[in-house]
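Descriptive analysis of the structure
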Amino acid sequence: HLDAILEHLVYVTQFEIRFLAIAIPPRSSKSLLASVIWPAWHWLQSPETQFICASYTTKLSANLSGLSRRLIESSWYQQFYGHEYYLLPDDNKREMYRNSKGGYRISTSVKGGVSTGFGGDVQVMDDPLSADDARSDNETNNCLVWHDGTFRSRVNDPNHSRKVLIMQRLRDNDLFGHLMEREGHRWCQFVLPMEFDKKRICITYPNDGNGVKPDAKAIFTDPRTEDGELLNPQRFNAETCRDEKEVLSE
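What comes next concerns the included structure.

1. Notes on the overall build of the protein chain
- Along the backbone of the protein chain there are seven helices and 10 strands.
- Relative to the 2.2 N^0.38 estimate, which gives 18 Å for 250 residues, the radius of gyration of the protein chain is 18 Å and therefore close to what a compact globule would have.
- C-alpha extents for the protein chain along the principal axes are approximately 50 × 40 × 40 Å.
- Burial analysis of the protein chain (250 residues in total) assigns 46% to the buried set.
- Long-range contacts, defined here as pairs at least 24 residues apart, represent 72% of the contacts in the protein chain between residues at least 6 apart.
- Summed over its atoms, the accessible surface of the protein chain is roughly 12,900 Å², and 48% of this surface lies on carbon and sulfur atoms.
- If you average the places of the 30 positive and of the 35 negative side-chain charges in the protein chain, the two averages end up 4 Å apart.

Right under this line is the structure:
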């Protein structure tokens with residue numbers, strides 16, 4: 001699933017996918033890939049890209065931004081890619097940093113709002129709703145209102161902006177469900193459950209935001225074939241999954 005997530009993110013960089021919605025179980029390295037590694041790689045292709053990234057708290061969003069910055073500033077990254085761009089020393093904080101080619105990354109949150117005057121070429125929403133907040137109808141609704149009333153419009157070019165939503169599903173009307181109900185045809189929906197279900201096999205296609213073309217070829221098909229087959233048994237085996245299901249169902 002790690003390779004599959006990265007492949008879909010590369011399609012976003014290449015404009016083959018404009019809006020990408022990823023639903024995957026917790027502790028599947030989703031934030032490491034989408035919020036730490038991918039932005040640092042994307043800047044090697046288009047360093048002028050302006051990112052605006054959000055999570056359910058500003059602290060979490062800023063922490064992910066800081067990890068990506070540490071990767072960019074690492075001796076390994078600088079040895080191979082330091083000539084492509086550099087981070088501006090006078091504007092280099094976890095909450096916002098800029099590079100020498102005009103790109104920047106802003107960290108914000110559902111509860112922290114968005115700095116007035118700033119938008120993005122690429123929006124990344126990484127866990128916009130926490131598991132605790134999902135138990136509250138009010139907090140869930142606040143997340144939807146934040147997106148529809150504030151974050152959705154924070155783009156530099158509404159005709160070409162790209163968006164990535166990556167999260168665990170928490171309830172039917174979470175942000176994933178909300179967006180898919182309202183404009184699901186515009187999104188590439190990449191959904192990998194912990195346990196495989198033949199009736200809901202995930203097959204994805206390129207989507208430029210106007211729907212899948214009739215002659216489009218599939219990007220990905222879930223390779224699992226048996227109902228109940230686990231996503232990552234090396235990390236979550238059958239016994240661990242059973243225990244987690246019992247706890248969550250209480």
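2. Some details on the sheet that holds strand S1 (residues 19-23)
- Read from one edge of the open sheet, eight strands run S3-S4-S5-S2-S6-S7-S1-S8, paired in mixed fashion. Of all strands in the sheet, those bounded by a partner on one side alone are strand S3 (87-92) and strand S8 (188-191). Across this sheet, the average inter-strand angle for adjacent strands is 15°, counted without regard to direction.
- Pairing of S1 with strand S7 (residues 162-167), which is carried by five bridges, proceeds in the parallel orientation. Each residue of the ladder has a partner; that of Phe 19, found in S7, is Lys 163.
- In the packing of helix H2 (residues 30-45) onto the sheet, contacts are made with strand S2 (50-55), S3, strand S4 (96-99), strand S5 (104-109), strand S6 (122-126) and S7, and the angle to S6 comes to roughly 160°.
- Packing of helix H3 (residues 58-73) onto the sheet brings it into contact with S2, S3, S4, S5 and S6, and relative to S5 it is tilted by some 155°.

3. Things to note about helix H5 (residues 137-149)
- Its 13 residues give H5 an end-to-end C-alpha distance of 18 Å, which sits within 8% of 18 Å, the value for a rise of 1.5 Å per residue.
- Turning to H5, its buried residues number three or more, namely Thr 140, Cys 143, Leu 144, Trp 146 and His 147. Viewed along the axis of H5, the buried residues span an arc of 155°, placing them on a single side of the element. Exposed and oriented more than 90 degrees from the buried face of H5 are Asp 137 and Gly 149.
- Where H5 is buried, its residues touch S2, S5, S6 and helix H6 (175-183).

4. Quick look at the nonpolar core
- Leu 20, Trp 38 and Phe 190 are the most contacted members of the largest nonpolar core, which has 36 residues in total.
- The residues contacting Phe 190, other than those within four sequence positions of it, are Ala 4, Ile 5, His 8, Leu 20, Ala 21, Ile 22, Ala 23, Cys 202, Thr 204 and Phe 220.
- If you look at the next biggest cluster of nonpolar residues, it comprises 23 residues, including Tyr 104, Leu 165, Leu 175 and Leu 179.

5. Considerations on the pairing of S1
- The element S1 is largely enclosed, with a buried count of five among its five residues.
- The side-chain alternation of S1 yields two buried faces, one formed by Phe 19, Ala 21 and Ala 23 and the other by Leu 20 and Ile 22.
- Both S1 and S8 contribute to a ladder of four bridges, which runs parallel. By the bridge assignment, Leu 20 is partnered in S8 with Cys 188.

6. A closer look at the state of the cysteines
- Scanning the entire structure with this criterion turns up zero disulfides.
- Here Cys 143 stays free of any disulfide, with the sulfur of Cys 53 as its closest cysteine sulfur at 16 Å.
- Summary of cysteine pairing: Cys 202 is not part of a disulfide, and the nearest cysteine sulfur, belonging to Cys 188, is at 7.6 Å.

Conventions used here
Residues numbered from 1 in each chain as written. Predicted model: local features only at pLDDT ≥ 70, side-chain atom pairs only at ≥ 80, totals over all residues. Heavy atoms only, no water. Helix = DSSP H or I, 4+ residues; strand = E, 2+ residues; numbered from the N terminus. Rg over C-alpha atoms; globule rule 2.2 N^0.38 Å. Buried < 20%, exposed > 50% of the residue type's maximum accessible area, 1.4 Å probe, protein only. Contact = heavy atoms within 4.5 Å. Areas by Shrake-Rupley, 256 points an atom, 1.4 Å probe, with all protein chains shown as cover. Lys, Arg positive; Asp, Glu negative; His and termini not counted. Charge placed at Lys NZ, Arg CZ, Asp CG, Glu CD. Pairing = 2+ DSSP bridges. Axes fitted to C-alpha atoms, helices over the stretch in contact; angles between N-to-C directions. Expected span 1.5 Å × (residues − 1). Arc of directions from axis to C-beta. Core = buried A, V, L, I, M, F, W, Y, C linked by side-chain atoms within 4.5 Å. Disulfide = S-S within 2.5 Å.

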